[in-house]
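Letter by letter, the chains look like this.
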Amino acid sequence: MNLPFFLRDQYNEIKEIYPGLYPPINISDFWVISGLLDFTAKYQGISIKDKYQIEILIPITNPLHIPFAREIGGRIPMDFHHSTEGLCLGEPGRVIQKFNEEPTLLGFINNCLIPYLYNFSYKEKFGYLIFGELSHGTTGLLEYYQELFGIKDRKRILQLLGLCINSHLNGQIRCPCGSKKKLRKCHGILLNGLISGVPREIIKAEYDLINNGNKSHKFSPR
Ligand SMILES: [Zn+2]
Ligand SMILES: [Zn+2]
């Protein structure tokens, strides 16, 4: 099978920066890039240099899909943020939003994968996670939106998400967060960011999950 042209281009771009990664090979339903990811990353003034044996999997039937990633050096235990497909890189909507800001392999590595690895390295070094840790399932989703919107109330969060699902945002209505301000002067900007970065059917699915309470739900990167 021939490697799609855009994947070859994207691989050429990543190997300049991460020369430990081998060219994509075809393994069953995926294009697989594996090798040593050697990186330096900095967050809040703390720089960490580390390396991990990783595998990046791109679905052959849907190569524009956000890739999956696995750590194959046996360093990250399975009970640390994993999903059925590999590493759990975060709340799915947020991962998609980050990926869409730079939807290439390099963007995926820099914006989605390395923050996860940085977080794990940080935990090994200092004993706790710097980015905080979201619970899996509905609780994690709710926590994510509580943090994003800066409010605790589940009902108000659902109202804000509801605005993202239905038609166009009307900036003149009162923001459902309780601030008494107009939407456009309050959560409107955040909601616009969500709408442009996350497919509506995902926001809808997340809305339903939060709305339906604590049914267990396993996250997987998409
Ligand atoms: Zn997780
Ligand atoms: Zn508001």
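What counts and how
- Residues numbered from 1 in each chain as written.
- Chains lettered and ligands numbered in written order.
- Predicted model: local features only at pLDDT ≥ 70, side-chain atom pairs only at ≥ 80, totals over all residues.
- Heavy atoms only, no water.
- Donors = N, O, S within 2.8 Å, 3.2 Å for Na, K, Ca; no water.
- Tetrahedral: all angles 85-135°; square planar, octahedral: opposite > 155°, others 65-115°.
- Buried < 20%, exposed > 50% of the residue type's maximum accessible area, 1.4 Å probe, protein only.
- Disulfide = S-S within 2.5 Å.
- pLDDT = per-residue confidence, 0-100.
- Contact = heavy atoms within 4.5 Å.
- Pairing = 2+ DSSP bridges.
- Helix = DSSP H or I, 4+ residues; strand = E, 2+ residues; numbered from the N terminus.
- Axes fitted to C-alpha atoms, helices over the stretch in contact; angles between N-to-C directions.

Turning to the coordination of the zinc ion (ligand 2), a few remarks are in order. Protein coordination at the zinc ion (ligand 2) comes from Cys 175 (SG), Cys 177 (SG), Cys 186 (SG) and His 187 (ND1), with a distance range of 2.0 to 2.3 Å. Viewed at the metal, the 4 donor atoms of the zinc ion (ligand 2) are separated by angles of 107 to 116°, and the geometry they form is tetrahedral. Here the donor residues of the zinc ion (ligand 2) share one chain and are spaced in sequence as C-x1-C-x8-C-H. According to the relative accessible area criterion, Cys 186 is partly exposed, its value standing at 22%.

To continue, consider the state of the cysteines. With the rule as written, the count across this model stands at 0 disulfides. Cys 88 supplies the cysteine sulfur nearest to Cys 112, a cysteine that is in no disulfide, at a spacing of 12 Å. The thiol of Cys 164 is not disulfide-bonded; the next cysteine sulfur, from Cys 175, is found 11 Å away.

Turning next to the confidence of the model for the chain. Regions with low pLDDT should not have their predicted coordinates read in detail. Put simply, the chain has an average pLDDT of 88, and 94% of its residues get 70 or more. Here residues 214–222 is a poorly scored stretch, pLDDT under 50, and it has 27 contacts once near neighbours within four places are set aside; other chains count.

The strand order across the open sheet formed by 4 strands is E1-E2-E3-E4, and the pairing between neighbours is antiparallel. The sheet terminates laterally at strand E1 (25–27) and strand E4 (68–71), the two strands that pair on one side only. Across the sheet, the axes of successive neighbouring strands diverge by a mean angle of 45°, strand direction being ignored. Strand direction decides the pairing type here: E1 and strand E2 (residues 30–43), joined by 3 bridges, are antiparallel.

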